[in-house]
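# Architecture and fold: a report
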Amino acid sequence: MRLEPLRRGHLRRCVEIEHILFPGDSPWNARAFHAELDAGGYYLAAVTEEGELAGYAGLAVAGPRGDRETSVHTIGVDPAYQGRGIGTALLRALLERADELRAPVFLEVRTDNDAAIRLYERHGFSRIGVRKRYYQPSGADAYTMMRQAREAQEVAG
Ligand SMILES: CC(C)(COP(=O)(O)OP(=O)(O)OC[C@H]1O[C@@H](n2cnc3c(N)ncnc32)[C@H](O)[C@@H]1OP(=O)(O)O)[C@@H](O)C(=O)NCCC(=O)NCCS
């Protein structure tokens, strides 16, 4: 398994995986993925030895240089490949990018998504709020989670 920049050619499979992972929560269509790439988001693909797309993740970056803010917009692993460390590898790569930018990271996660919440907590995220009925059409609530920006001196040290 290797991580590489997400390419337009991966998007058909991304959309299929989205529909498996988020059936009741408005899975992204191809247009949504294209818009994220057009906006210059930091998107990665996890690709198997056989060249199959096993997972994807993306970090959106906002704000002026020196005062960046980032958000994990999506992270998904094909159920056939879950539980093998791919989600962890994707998240770590996004966090490395955020750390290079010295930027905090925000995300939303369903309040009942224990696997994802544990993964985020292990990587320095904490819950900072609840968004009621954030996901549609399911009406599920989300936690907003945040990971602090890495301090400049911590990077240097
Ligand atoms: C969350 C997700 C990206 C993790 O990807 P992954 O490749 O399975 O992750 P890893 O193998 O690195 O494991 C990360 C943790 O999730 C746990 N996990 C993975 N799949 C799981 C599952 N189906 N059920 C319960 N726990 C699971 C792992 O056990 C591990 O936790 P642990 O170290 O405490 O045991 C993946 O489960 C997924 O795509 N879920 C659906 C989409 C989603 O919820 N995305 C996040 C939206 S905010």
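Everything below is about the structure shown above.
### A closer look at the overall build of the protein chain
Within the protein chain, the regular secondary structure consists of 5 helices and 7 strands. Along the protein chain, from the amino end to the carboxyl end, the secondary structure elements read β-α-α-β-β-β-α-β-α-β-β-α. What you see for the protein chain is a C-alpha radius of gyration of 15 Å, in line with the 15 Å of a compact globule of 157 residues. If you line up the protein chain on its principal axes, its C-alpha atoms span 40 × 35 × 30 Å. Looking at the protein chain as a whole, 43% of its 157 residues are labelled buried. Within the protein chain, residue pairs in contact and separated by at least 24 positions form 59% of the contacts whose partners lie at least 6 positions apart. With 21 positive and 22 negative side-chain charges, the protein chain shows a separation of 1 Å between the mean positions of the two kinds.

### Here we look at the pattern of salt bridges
Oppositely charged side chains are able to pair whenever their charged atoms sit close together. Throughout the structure, instances matching the rule amount to 13 salt bridges. The partner of Arg110 in a salt bridge is Asp112, with the nearest N and O atoms 2.9 Å apart. Residue class for Arg110 comes out partly exposed when judged on its relative accessible area of 23%. Note that Asp141 is salt-bridged to Lys132, the shortest N-O span being 3.3 Å. By relative accessible area, Lys132 is classed as exposed at 64%. Several salt bridges share partner residues, and in doing so they unite Arg2, Glu4 and Arg7 into one network.

### Details of the packing of aromatic side chains
Across all of its chains, the model carries 4 aromatic pairs by this definition. Relative to Tyr56, the ring of Phe33 lies with its centre 5.6 Å away and its plane at 85°, an arrangement referred to as edge-to-face. Residue Phe33 is located in helix α2 (residues 30–38), and its partner Tyr56 is located in strand β3 (residues 53–62); the two are separated by 23 residues in the primary sequence. There is no split in this pair, since Phe33 and Tyr56 are both buried. Through successive ring pairs, a cluster of aromatic residues spans Trp28, Phe33 and Tyr56.

### Some points on the sheet that holds strand β2 (residues 42–47)
Across the sheet, which stays open at both edges, the 7 strands sit in the order β1-β2-β3-β4-β5-β7-β6 with mixed pairing between neighbours. The sheet terminates laterally at β1 (2–5) and β6 (126–131), the two strands that pair on one side only. On average, adjacent strands in this sheet sit at an angle of 25° to one another, irrespective of strand direction. The sheet contact formed by strand β5 (residues 105–110) and strand β7 (residues 142–147) spans 6 bridges and is antiparallel.

### Brief notes about the site of the ligand
Close contacts around the ligand come from 20 residues, with Gly83, Gly85, Gly87, Thr88 and Asn113 the closest. With respect to the ligand, the backbone of Gly85 contributes an N or O atom lying 2.7 Å from an oxygen atom. Between the ligand and Gly87, the relevant distance is 2.7 Å, taken from an oxygen atom to a main-chain nitrogen or oxygen of the residue. Every element with two or more residues in the shell around the ligand is listed here: β4 (69–77), α3 (86–100), β5 and α4 (114–122). Sort the elements by how many residues they give to the shell around the ligand and α4 lands first, with 5 residues. Among the residues forming the shell around the ligand, the class breakdown is 9 nonpolar, 7 polar and 4 charged.

### Examining the side chain of Glu4
Positionally, Glu4 belongs in strand β1. Of the polar contacts made by the side chain of Glu4, one reaches the side chain of Arg7; its length is 3.2 Å. The contact partners of Glu4, leaving out residues within four places of it in the chain, are His10, Tyr43, Leu44, Ala45 and Val47.

### Brief notes about helix α1 (residues 11–21)
Every buried residue of α1 is accounted for by Leu11, Cys14, Val15, Ile17 and Glu18. In a view along the axis of α1, the buried residues occupy a sector of 165°, so they form one face of it.

Procedures and definitions
- Residues numbered from 1 in each chain as written.
- Predicted model: local features only at pLDDT ≥ 70, side-chain atom pairs only at ≥ 80, totals over all residues.
- Heavy atoms only, no water.
- Helix = DSSP H or I, 4+ residues; strand = E, 2+ residues; numbered from the N terminus.
- Rg over C-alpha atoms; globule rule 2.2 N^0.38 Å.
- Buried < 20%, exposed > 50% of the residue type's maximum accessible area, 1.4 Å probe, protein only.
- Contact = heavy atoms within 4.5 Å.
- Lys, Arg positive; Asp, Glu negative; His and termini not counted.
- Charge placed at Lys NZ, Arg CZ, Asp CG, Glu CD.
- Salt bridge = Lys/Arg side-chain N within 4 Å of Asp/Glu carboxyl O.
- Phe/Tyr/Trp six-rings, centres within 6.5 Å; stacked < 30°, edge-to-face > 60°.
- Pairing = 2+ DSSP bridges.
- Axes fitted to C-alpha atoms, helices over the stretch in contact; angles between N-to-C directions.
- Near = heavy atom within 4 Å.
- Polar contact = N/O pair within 3.5 Å; in protein donor to acceptor, adjacent residues only side chain to side chain.
- Nonpolar A, V, L, I, M, F, W, Y, C, P; charged D, E, K, R; others polar.
- Arc of directions from axis to C-beta.

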